[in-house]
Amino acid sequence: EYIRSWYFNKLEVTRFSSSVGKYVGFTELGVKNAEAWNKDASYLSVMRAQKETYCQHNIQNDYTAALTKS
């Protein structure tokens with residue numbers, strides 16, 4: 001799962017989660033930002049592609065490293 005969070009003063013404002021597939025806001029400002037970002041289909045598709053770029057690319061590396069350390 002790919003999660004990207006935005007924080008302000010140590011408080012999570014907005015989060016993109018690949019399992020949900022969209023932004024979720026946790027504060028008043030975060031909800032407004034999430035609504036605006038969720039309306040932009042091109043931006044959402046870029047964020048959904050980040051899962052393949054960051055997560056799926058490194059699964060084998062992380063799995064191998066975990067096995068060799070245990």
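Further up the page is the structure itself.
Since the structure is predicted, the reported quantities are computational estimates derived from the model, not experimental observations. The numbering scheme is per chain: residues are counted from 1 as the chain's sequence reads. Restriction of local features to residues with pLDDT of at least 70 applies here, the model being predicted, together with a cutoff of 80 or more for giving and counting side-chain atom pairs; totals for whole chains, interfaces and linings are based on all residues. The basis for every side-chain value is the complete set of heavy atoms in the structure, and neither hydrogens nor water enter the calculation.

What about the overall build of the chain?
Helix and strand assignments follow DSSP, with helices taken as H or I runs no shorter than four residues and strands as E runs no shorter than two, numbered in order from the N terminus. On a plain count of helices and strands, the chain comes out with two helices and three strands. The order of helices and strands in the chain, counted from the N terminus, is β-β-β-α-α. Here the globule rule reads 2.2 Å times residues to the power 0.38, and the radius of gyration is calculated from C-alpha atoms. Taken over the C-alpha trace, the chain has a radius of gyration of 15 Å; the compact-globule value for 70 residues is 11 Å, which it surpasses by more than 25%. Its C-alpha atoms put the chain at 45 × 30 × 15 Å along the principal axes. Note on contacts: a residue pair is in contact if any heavy atoms of the two residues lie within 4.5 Å. Across the chain, the fraction of contacts at a sequence separation of at least 24, relative to all contacts at a separation of at least 6, is 22%.

Brief notes about the side chain of Ser17
Position of Ser17 among the secondary structure elements: in strand β2 (residues 11-17). Between buried and exposed lies partly exposed: a residue is buried under 20% and exposed over 50% of the maximum accessible area for its type, with that area taken using a 1.4 Å probe on protein chains only. Owing to a relative accessible area of 8%, Ser17 belongs among the buried residues under this scheme. Once residues lying within four places of it in the same chain are set aside, the contact partners of Ser17 are Glu1, Tyr2, Ile3 and Lys22.

Brief notes about the sheet that holds strand β1 (residues 3-8)
A pair of strands counts as paired when DSSP detects no fewer than two bridges linking them. Reading across from one edge, β1-β2-β3 is the order of the three strands in this open sheet, with antiparallel pairing throughout. Where the open sheet ends on each side, the last strands, each with one partner, are β1 and β3 (22-25). Between one strand axis and the next, the sheet turns by 20° as a mean value, whatever way the strands run. The pairing of β2 with β3 spans four bridges and is classified as antiparallel. Residue pairing across strands places Phe16 opposite Tyr23, the latter belonging to β3. Axis definition: a line fitted to C-alpha atoms, over the contacting stretch in the case of helices. Angles run 0 to 180 degrees between N-to-C directions. Contacts between helix α1 (residues 28-39) and the sheet are confined to β1, β2 and β3, with β3 contributing the most and set at about 165° to the helix.

Thoughts on the environment of Thr53
Looking at where Thr53 falls in the secondary structure, it is placed in helix α2 (residues 41-69). Separated by 51 residues in the primary sequence, Thr53 and Tyr2 have C-alpha atoms spaced 9.8 Å apart.

Focus on the packing of aromatic side chains
A pair of aromatic rings is counted whenever rings of Phe, Tyr or Trp (Trp by its six-membered ring) have centres within 6.5 Å, and the orientation is called stacked for planes under 30 degrees apart, edge-to-face for over 60 and tilted otherwise. For the coordinates displayed, the defined rule picks out six aromatic pairs. Seen in terms of ring centroids, Trp6 and Trp37 are 5.3 Å apart; in terms of plane orientation they differ by 45°. Their pairing is tilted. You can see Trp6 sitting in strand β1 and its partner Trp37 sitting in helix α1, a full 31 residues away along the chain. Through a chain of ring-to-ring contacts, the aromatic side chains of Trp6, Phe16, Tyr23, Trp37 and Tyr43 assemble into a single cluster.

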